[in-house]
Amino acid sequence: MRQERELPVKKFDEAASKKADGSEEKVRVLGIMGYPVGHSLSPAMHNAALRHLGLKGVYLPFEVLPGYLEEAVAGIRALGLWGVNVTIPYKEKVLDYLDWLTPQAELIGAVNCIACREGRLEGHNTDGEGFLRSLREEGGFDPEGKEVLVLGAGGAARAIALVLGQSRAQKIVVANRTREKAEELAAQVRRRTAADAAGIGLGSQELASAAFQADLIVQTTPVGMYPHEEPPDWFKPEWFKADTLVYDIIYRPRPTAFLRQAAARGCRTLDGLGMLVFQGALAFSWWTGLDAPAEVMREAALRELGS
Ligand code: NAP
């Protein structure tokens, strides 16, 4: 992380402008930085939340070209932005340019939202918590004491596996195409949480047995995402057992072919829309200090998905 620098500090209060009658009207600018960002549902969700709460503000997509992340992040402070989300491919790289991280961002080693407070750039991660809230509220599932199979070992899998470990899951098996990455993530879960964890490859006998043991299976790879909607060819539908909750973090299409296979075997299923909505709601609350209107944000995301 970079040292704090002597910079002209701009607080968001200073972004207030005077109305004709002399009263102050805050102009709040939020946004999302990534490359590309055109597909993001976040502007629709956050603009709906701002409107619903009657806040003067706007949430914009900021496409940050490769090589310009440092300048873009400096711009948050220089321009007095209220906060930004960070998405692919910058969630890890952005840590180099921040002054402070919340414990969740420290745990996960990635940031999906930034706030500028008193001139200090703070990084937070709501992906794991958003997943957990969806799991609890929509799935009625408490991870404590449970066995979980996580498919994939990328950024989303890391947030999910670590938060599940922190929530006292008993055992987490990470299965990944590149086996070493699964083993690395499992080692991280063992080191940083009380959960037992193991890393395995895909398509192995181990995967069948991990699926059979699991109370919860979380699919975190992009396999099955629009426009390539085929189910993973490395997971056999007969490995699902009916009392397993199956969660696919993809939300385009709804449901994915993977979830359709699970449902056909009698499993309860959840798609990634809840995680998306709750990570956004948690970020909105972190920026504003207000209760986020999660249902309004969900409706906005659904409208956008439908269009
Ligand atoms: P990432 O860091 O690039 O990781 C991708 C993971 O998927 C890696 O483990 C990779 O394995 C694996 N993978 C990729 N293609 C594969 C294939 N053909 N067969 C098997 N495994 C494959 O991506 P991420 O940020 O974790 O995002 C993953 C997915 O989650 C994306 O679809 C994203 O849209 C979605 N997502 C949803 C939410 C939500 O709120 N619902 C939030 C974040 C992400 P290797 O290690 O072998 O390359």
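All values derive from a computational prediction rather than experimental measurement. (Residues numbered from 1 in each chain as written. Predicted model: local features only at pLDDT ≥ 70, side-chain atom pairs only at ≥ 80, totals over all residues. Heavy atoms only, no water.)

*Asks:* How do you make sense of the nonpolar core when you look at a structure like this?
*Replies:* Burial of nonpolar side chains together is a common tendency in soluble globular proteins. Core analysis: the biggest nonpolar cluster contains 33 residues, and L135, L164, I172, L216 and Y247 have the highest contact counts within it. Elements represented by at least two residues in this core include exactly α3 (103-108), α4 (127-137), β9 (147-151), α5 (155-166), β10 (171-175), α6 (179-192), β12 (216-219) and β13 (245-248). Take this core: its biggest share by element is seven residues, from α5. There are two domains that each give this core at least three residues, and those are domain 1 (14-125 + 276-306) and domain 2 (129-271). Counting 25 residues, the second-largest nonpolar core is a separate cluster that includes I32, V37, L273 and A283. (Core = buried A, V, L, I, M, F, W, Y, C linked by side-chain atoms within 4.5 Å. Buried < 20%, exposed > 50% of the residue type's maximum accessible area, 1.4 Å probe, protein only. Helix = DSSP H or I, 4+ residues; strand = E, 2+ residues; numbered from the N terminus. Domains from an automatic or database assignment.)

*Asks:* How should the packing of helix α9 (residues 273-288) against helix α10 (residues 294-306) be read in this particular structure?
*Replies:* Two quantities define a packed helix pair, namely the angle between the axes and the distance from one axis to the other. Between α9 and α10, the shortest axis-to-axis distance is 9 Å and the interhelical angle comes to 130 degrees. On the basis of the axis angle, α9 is oblique to α10. Relative to α10, the crossing made by α9 is right-handed. Here α9 contributes L273, G274, V277, F278, G280, A281 and F284 to the contact with α10, which in turn contributes A294, M297, R298, A301, L302 and L305. Its residues assigned to classes, the contact of α9 with α10 comprises 10 nonpolar, two polar and one charged. (Axes fitted to C-alpha atoms, helices over the stretch in contact; angles between N-to-C directions. Parallel < 35°, antiparallel > 145°, perpendicular 65-115°, else oblique. Left-handed = near helix turned anticlockwise from the far one by under 90°. Contact = heavy atoms within 4.5 Å. Nonpolar A, V, L, I, M, F, W, Y, C, P; charged D, E, K, R; others polar.)

*Asks:* It is not clear to me how the layout of surface pockets should be interpreted in this structure. Could you clarify?
*Replies:* Over the atoms a probe the size of a water molecule is rolled, and this reveals where empty space is left. The calculated volume of the largest pocket comes to roughly 1,400 Å³. Lining the largest pocket are 48 residues, and of these I88, K91, A156, T220 and I249 sit closest to its centre. Looking at the lining of the largest pocket residue by residue, the class counts come to 26 nonpolar, 16 polar and six charged. Counting contributing residues, the lining of the largest pocket receives three or more from each of domain 1 (14-125 + 276-306) and domain 2 (129-271). (1 Å grid on protein atoms, 1.4 Å probe; cavity = no way out; pocket = protein on both sides within 12 Å on 5 of 7 lines; lining within 4 Å. Points joined across faces, edges and corners; volume = space filled by probe spheres on them.)

*Asks:* So what exactly am I meant to see when it comes to the side chain of N85 here?
*Replies:* Its location among the elements puts N85 in strand β5 (residues 83-86). Look at N85 and you get buried, because its relative accessible area is 3%. A distance of 2.9 Å separates a polar side-chain atom of N85 from the backbone oxygen of N112. In this structure, N85 is in contact with G31, I32, M33, S42, H46, Y59, N112, C113, Q279, A283 and W287, ignoring residues within four places of it in sequence. (Polar contact = N/O pair within 3.5 Å; in protein donor to acceptor, adjacent residues only side chain to side chain.)

*Asks:* What is the right way to look at unusual backbone geometry in this model?
*Replies:* Cis geometry marks the peptide bond from I88 to P89, where omega comes out at 5 degrees. Topologically, P89 is positioned in the loop between β5 and β6 (100-101). The backbone phi angle of R168 is positive, close to 70 degrees, even though this residue is not glycine. Take R168: it is sitting in the loop between α5 and β10.

*Asks:* Would you mind showing me how to read the pairing of β12 here?
*Replies:* Regular strands show a simple pattern: their side chains alternate between the two faces of the sheet. Of the two faces of β12, both are covered, the one formed by L216 and V218 as well as the one formed by I217 and Q219. Where β9 meets β12, four bridges bridge the pair, whose relative direction is parallel. Opposite L149, over in β12, you have I217 as the bridge partner. In terms of strand pairing, β12 meets β13 through four bridges, oriented parallel. Among the inter-strand pairings, L216 is bridged to a residue of β13, identified as L245. (Pairing = 2+ DSSP bridges.)

*Asks:* Where do I start with the sheet that holds β10 in this structure?
*Replies:* Strand pairing in a sheet relies on backbone hydrogen bonds. The paired strands run either parallel or antiparallel. Ordered by their spatial adjacency, six strands build an open sheet running β11-β10-β9-β12-β13-β14, and the pairing between neighbours is parallel. Either end of the sheet is taken by a strand with one partner, and the two such strands are β11 (196-200) and β14 (268-270). Shown here is a sheet whose adjacent strand axes are inclined to one another by a mean of 15 degrees, direction ignored. Packing of α5 onto the sheet brings it into contact with β9, β10 and β12, and relative to β10 it is tilted by some 165 degrees.

Purely geometric numbers; function is a separate question.
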